[in-house]
Every structure is written in C-alpha cells, then in structure tokens.
Amino acid sequence: MSESRIIETMFMNEKIAKKIFKKEQAEELLDKYKPELFGLKTKRSKKIKYLGNNLYLDICSLDINIIKEYTRDYSINIGKYSEIHKDPEYFKTLINITNINKKDSPCHPERFSESVVKPCIRKYINEKRTDDLEKYLIENLMKSLIKHGTERTNQQVKADWSEYLILMNCPNIIPTLKQTKGTDMYLIKDDGSIEDLDIKTTRSIWEIKDKKEAIKKLYEGQGEDRFSANPRLYIYLSDKDLCNSEDIIKQMNENYDIEFKYKKEVYKVIGCRLIII
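What counts and how
Residues numbered from 1 in each chain as written. Predicted model: local features only at pLDDT ≥ 70, side-chain atom pairs only at ≥ 80, totals over all residues. Heavy atoms only, no water. Helix = DSSP H or I, 4+ residues; strand = E, 2+ residues; numbered from the N terminus. Buried < 20%, exposed > 50% of the residue type's maximum accessible area, 1.4 Å probe, protein only. Areas by Shrake-Rupley, 256 points an atom, 1.4 Å probe, with all protein chains shown as cover. Lys, Arg positive; Asp, Glu negative; His and termini not counted. Charge placed at Lys NZ, Arg CZ, Asp CG, Glu CD. Contact = heavy atoms within 4.5 Å. Expected span 1.5 Å × (residues − 1). Bend = angle between axes of the 7 residues up to and from the residue.

A.B. asks: I keep staring at the overall build of the protein chain and nothing clicks. Help me out?
C.D. replies: Counting its secondary structure elements, the protein chain contains ten helices and eleven strands. In terms of overall dimensions, the protein chain has a C-alpha envelope of 75 × 50 × 40 Å along the principal axes. Among the 277 residues that make up the protein chain, the fraction classed as buried is 40%. Carbon and sulfur atoms form 48% of the exposed surface of the protein chain, whose accessible area is close to 16800 Å². Positive and negative side-chain charges in the protein chain, numbering 51 and 46 respectively, have mean positions lying 4 Å apart.

Shown next, in the form of structure tokens:
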C-alpha cells in the first residue's frame, strides 16, 4: 500500500496567499486596508506603488474575514462566477440542453484524441489512401466531435455551476482568484485554520447510497491524465431544483476515509467529501 494522503489544514501563509491572489488583486486589497504600504518610490515618481517587502506576507497579516469577504465579493461580482451570478437561469438551461446520456458518449471526455481521432487516422493510413484527408476526417469524425464538444461544454458548465453553489451556500469558503492546480477553494475551519479544496464534479454516483462506496468508485474511475490520490471534494448535481444551504454545509462537514485500487496499487485517502446537491 502507498502512503496515506490526508487533509492538510494550516493557517494563512505566504504559499496559500500566492495560490489565492493575483498580484493586482493582492495590491488592491492591501491598498484598502494598509494604505501606509503604498506611496511614491522616488521624488520623480508619478505613480503610487506598493512599497512593502513582501506582498503576500503582508496579505497574511490581514484578518482572515477581510480576506474572505474580499475574495468572495470579487469572485461573485467581477471574477470567475460573475456571469453565473448575473444570469443563473441561462447556466441552468445550458446544463440541461448539453446533457448527453452516457451511452451516447463517444468516449471518456478526456480521451477523445486517443480513443476516437487516432483510430480514424490509423484506418486512413492502413487503407493506403491518398484522397482528400480533410473530407475523410469530416465524414468520419464530425458526429463524434459534436457529441464530444457538447459533452465537454456540459462538463465545464456543471463544474462552474457546482463551485458557484458551494460559494453561495457555504459562508466560510474562500475562492481562489487565479487558476491553481489542485486547489479551487479554501474552507475556513472553526479554529481559524484553512483547508484547501480540490473540487471535482461527477456526472454519476451510480445510485450508490453509501457515500464512502461512491467516493471509492469515483477514485477508481479516474482518467490517467488527471489521476490523484489526494483528498477531493466531489460534487454530484442531482435533479433537485432548490438548494438547501443547511444540508450543503452539513455535507461539507462530513469527511470519509477510503482505500481504493488503481493499476494494482492500493491507496488510502483520509478526508474525502461527497456533496449531493
């Protein structure tokens, strides 16, 4: 068995601040709450700039609630989730119209090139064809490509919508303002420490009632290019029209420890989550 992967909780530090903030937003927040750190670098300077020694350490000196409120407000009104916040009905409609039954899917969403395109090209070569390759590819790939594009659109919109629902229903969430691999949001714990959340949206939990078993199957069904044995927060969007904030918060506080097998290797993961919305 490989080593266990566990939830890491820590207090705000420079590394975390760099994961959350772009330079521009970090300076904007500090300028509001620590204006003494800004000024003219020289007498000839015309533009006010940050004069501190370490931008992200200065961010860490702010109260965690100030950081939380700024990042939430920015994400909802300016950043990643602003368009969803302005027009949630459009995104709900888009999820519905791009939904493809799994049996109609041309392949695993992340393996289109390898599973669909490559065999088609190989067939063209093996038949020793020299006729119009572009026409051949359009005739043989277009139907699958449209389904694949529709499926990936659905996948992306569901992911953004799921994160938006978590943000709107869990007040102790800090969203990241930049794309950071493996960290989508941070959860503020009761003691003021924070836990990073690697969020993945799933299209199915196969009607499995036991969340622990459902999480295990999700880990075992990962694609090779996105494999991880670190604790994840899986979100499954059900057919419910209304969200219950109390229920979502309750599920956020439920952790599960699992063991799963992937390519003959056994992994133990401590602190997984599955939220059904």
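A.B. asks: How do you make sense of the environment of isoleucine 48 when you look at a structure like this?
C.D. replies: Within the element layout of this structure, isoleucine 48 appears in the loop between strand E3 (38-39) and strand E4 (49-50). The exposure class of isoleucine 48 is exposed, given its relative accessible area of 57%. Considering only alpha carbons, one finds isoleucine 48 and asparagine 77, 29 residues apart in sequence, at a separation of 26 Å. Ignoring any residue separated from it by four or fewer positions in sequence, one finds isoleucine 48 in contact with Phe38, Gly39 and Leu40.

A.B. asks: Would you mind going over helix H7 (residues 112-126) with me for this structure?
C.D. replies: For an α-helix, the turn length of 3.6 residues means that residues three or four places apart are oriented alike. In a regular helix each residue adds 1.5 Å, so 15 residues correspond to 21 Å; H7 covers 20 Å between its end C-alpha atoms and thus fits that length. The largest bend in H7 amounts to roughly 30° and is located at lysine 118, with the proline proline 119 lying one to four residues further along. Listing the buried residues of H7 in full gives Phe112, Val116, Cys120 and Tyr124. Packing partners of the buried residues in H7 comprise helix H8 (133-169). At the C-terminal side of H7, lysine 128 shows a positive phi close to 55°.

A.B. asks: Looking at this structure, I do not really get unusual backbone geometry. What am I missing?
C.D. replies: Outside of glycine, negative phi angles account for most residues, and trans bonds account for most peptide bonds. The phi dihedral of lysine 128 falls on the positive side, at around 55°, and the residue is not glycine. Tracing the backbone shows lysine 128 in the loop between H7 and H8. A relative accessible area of 75% places lysine 128 in the exposed class.

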